[in-house]
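Structural features, examined
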Amino acid sequence: MPPVMPNWKEAEAFLNEARQLDAADPLASFRDHFHVPPHGENPALYFTGNSLGLQPKGAAAVIQDELDDWKKYGVEGHFQAKRPWVNYHAFATDDLAAIVGANPREVVAMNALTVNLHLLLVSFYRPAGRRTRLMIEKGAFPSDRYAAVSQLRMHGLDPEHHLIELEPRPGEHTLRTEDIEARIEQEGQHLACVMLCGVQYYTGQWMPMAEITAAAHAVGATCGFDLAHAVGNVPLQLHNWDVDFACWCGYKYLNGGPGCTAGAFVHDRHANKPELARLEGWWGHAESRRFLMEPDFDLMPGAEGWQTSNAPVFNMAALLASLAEFRAAGIDRLRTKSLALTGFLERGIHAVAKSSGVHLEILTPSDPNARGCQLSVVAHGKGKSLYNHLTENGVIVDWREPAVIRLAPVPLYNRFADVAEFLIILEQGLKESK
Ligand SMILES: *Cc1c(COP(=O)(O)O)cnc(C)c1O
């Protein structure tokens, strides 16, 4: 319950509805499989699973297993451990493939997100002749833009002329499908690669990934996505959408813990192409011959061929615990709950705006098919004191100046009651803060 009795007349109705929805939620018990940070006596209202997912209670046991096996076996743990380290990444493969809609051969857990983005751009952004341009979205996550610009420079290309940044129409916050398609068509033979986000980190827009891929292929460009905010959030069909490559991190919706090992997808079409440019390392060398220490590189088929180093076991252990939760909950059931949970939040924000008289603008598309769980809300005319009010009352959200609140109700562990309690605290805060 919120700490102060609300004087918002709809508070009771939202709380009652939330209780009913939680009682009927088939996934409600999954919350108990996660550690929700406390705020005083109560659990915090945690809405930053888009930034760092919560710790699965099963994580400690998996990490402890690896510590025990290291203690017990030393180097022999590579083969003797309960989960032999030599192929540790493979324990994540089937679940990751299910989450991104791929064949197991198309995915691999490795490295960190930006590292994977670079490795994949090395292979799939191959400027040649007139075809030199790389398309990203304007306002992309800085790391992605840095990666794109440095790739261009590596090819001796000036980002000023060869980096294309898609921009929404004036006065709009998100990209229209027809505008993306038109721009790709317009770039035509100049376009080498389209590399967009799956879900935009700032606006929460879920890109029309299948349409974008088709448009890119129609002009002869490759197409890839950064799925940092999409993986574990929205249902993906990377294989069927014919996406060339994709990468993601393990610590946002995937709950693998800070700095968790990331992932990569490469379409089966590119599974066996030793001729593709690639930065090679011994973990991409044919598994059966890896320890023969041969001088010549013998490429592993599939996404595993992009591996360079042996698996960071401790960085993947917690991820395995989280993937077990995804497997049990199922991406489809999670999406069903997510639609209801975010829809409930959206309706509540409109009600709070009306009651408080504050203009709350939702930047995220209102079409549920064009978003995941996150809503990005601007509290016009408000400032940091609103954020302080939220924080003091146990609400953990992402805040950007001037007054952009990004909220991600995560279906694995957030309750409808979290949303109702947040709405009450927000309503108070809007009335009381400057
Ligand atoms: C979170 C995020 C990153 C972070 O990159 P790391 O390599 O994991 O540090 C990069 N890009 C996007 C789009 C993100 O959302």
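The shown structure was predicted, so the numbers you read here are calculated from the model rather than taken from an experiment.

1. With respect to the sheet that holds strand β17 (residues 404-407)
- Pairing in this open sheet of 4 strands is antiparallel, and the strands run β13-β14-β17-β16 from one edge to the other. Edge strands, defined here as strands with exactly one partner in the open sheet, are β13 (360-362) and β16 (398-400). On average, each strand axis in the sheet is inclined to that of its neighbour by 25°, with strand direction left out of account.
- The pairing of strand β14 (residues 375-379) with β17 spans 4 bridges and is classified as antiparallel. Directly across from Val 378, in β17, lies its bridge partner Val 404.
- Across the face of the sheet, helix α11 (residues 331-356) comes into contact with β13, β14 and β17 while running at roughly 150° to β13.
- Where helix α12 (residues 384-392) meets the sheet, it contacts β14, β16 and β17, and its direction lies at approximately 170° from that of β16.

2. Focus: the side chain of Asp 65
- Residue position: Asp 65 is located in helix α2 (residues 59-73).
- With a relative accessible area of 18%, Asp 65 lands in the buried category.
- In terms of polar contacts, Asp 65 uses its side chain to reach the side chain of Lys 82, at 3.0 Å.
- What Asp 65 contacts, discounting residues up to four positions off in sequence, is Lys 82 and Arg 83.

3. A short note on the packing of aromatic side chains
- Counting across every chain of the model gives 16 aromatic pairs.
- Arg 290 extends its terminal NZ or CZ atom over the ring of Trp 283, reaching a point 4.2 Å from the ring centre.

4. Describing the layout of surface pockets
- Taken as a whole, the largest pocket holds about 260 Å³ of empty space.
- If you go around the largest pocket, you meet 18 residues; those closest to its centre are Lys 138, Pro 168, His 173, Tyr 202 and Thr 203.
- Its residues assigned to classes, the lining of the largest pocket comprises 8 nonpolar, 6 polar and 4 charged.
- Both of domain 1 (11-57 + 330-432) and domain 2 (62-328) provide at least three residues apiece to the lining of the largest pocket.

5. Focus: the packing of α12 against helix α13 (residues 416-432)
- Orientation of α12 relative to α13, taken along the N-to-C sense of each, is 145°, at an axis distance of 9 Å. In the packing of α12 onto α13, the handedness of the crossing is right-handed. Here α12 contributes Leu 386, His 389 and Leu 390 to the contact with α13, which in turn contributes Phe 422, Ile 425, Leu 426, Gln 428, Gly 429, Leu 430 and Glu 432.
- A breakdown of the residues in the contact of α12 with α13 according to their chemical character gives 6 nonpolar, 3 polar and 1 charged.

6. Things to note about the domain arrangement of the protein chain
- By domain assignment, the protein chain separates into domain 1 (11-57 + 330-432) and domain 2 (62-328).
- Taken over C-alpha atoms, the centre of domain 1 sits 29 Å from the centre of domain 2.
- With 33 residues of domain 1 at the interface, the matching set in domain 2 holds 27 residues.
- Of the roughly 2,400 Å² buried between domain 1 and domain 2, counting both surfaces, carbon and sulfur atoms make up 58%.
- The three residues of domain 1 that bury the most area against domain 2 are Pro 56, Ile 331 and Leu 363, which together make up 21% of that side's buried surface.
- Taken together, the links from domain 1 to domain 2 amount to 0 salt bridges.
- Counting residues per element, the ones that place at least two in the side of domain 1 that touches domain 2 are α11 and β17.

Rules behind the numbers
Residues numbered from 1 in each chain as written. Predicted model: local features only at pLDDT ≥ 70, side-chain atom pairs only at ≥ 80, totals over all residues. Heavy atoms only, no water. Pairing = 2+ DSSP bridges. Helix = DSSP H or I, 4+ residues; strand = E, 2+ residues; numbered from the N terminus. Axes fitted to C-alpha atoms, helices over the stretch in contact; angles between N-to-C directions. Contact = heavy atoms within 4.5 Å. Buried < 20%, exposed > 50% of the residue type's maximum accessible area, 1.4 Å probe, protein only. Polar contact = N/O pair within 3.5 Å; in protein donor to acceptor, adjacent residues only side chain to side chain. Phe/Tyr/Trp six-rings, centres within 6.5 Å; stacked < 30°, edge-to-face > 60°. Lys NZ or Arg CZ within 6 Å of the ring centre and 35° of its normal. 1 Å grid on protein atoms, 1.4 Å probe; cavity = no way out; pocket = protein on both sides within 12 Å on 5 of 7 lines; lining within 4 Å. Points joined across faces, edges and corners; volume = space filled by probe spheres on them. Nonpolar A, V, L, I, M, F, W, Y, C, P; charged D, E, K, R; others polar. Domains from an automatic or database assignment. Left-handed = near helix turned anticlockwise from the far one by under 90°. Buried area = accessible area lost by both parts, 1.4 Å probe. Salt bridge = Lys/Arg side-chain N within 4 Å of Asp/Glu carboxyl O.

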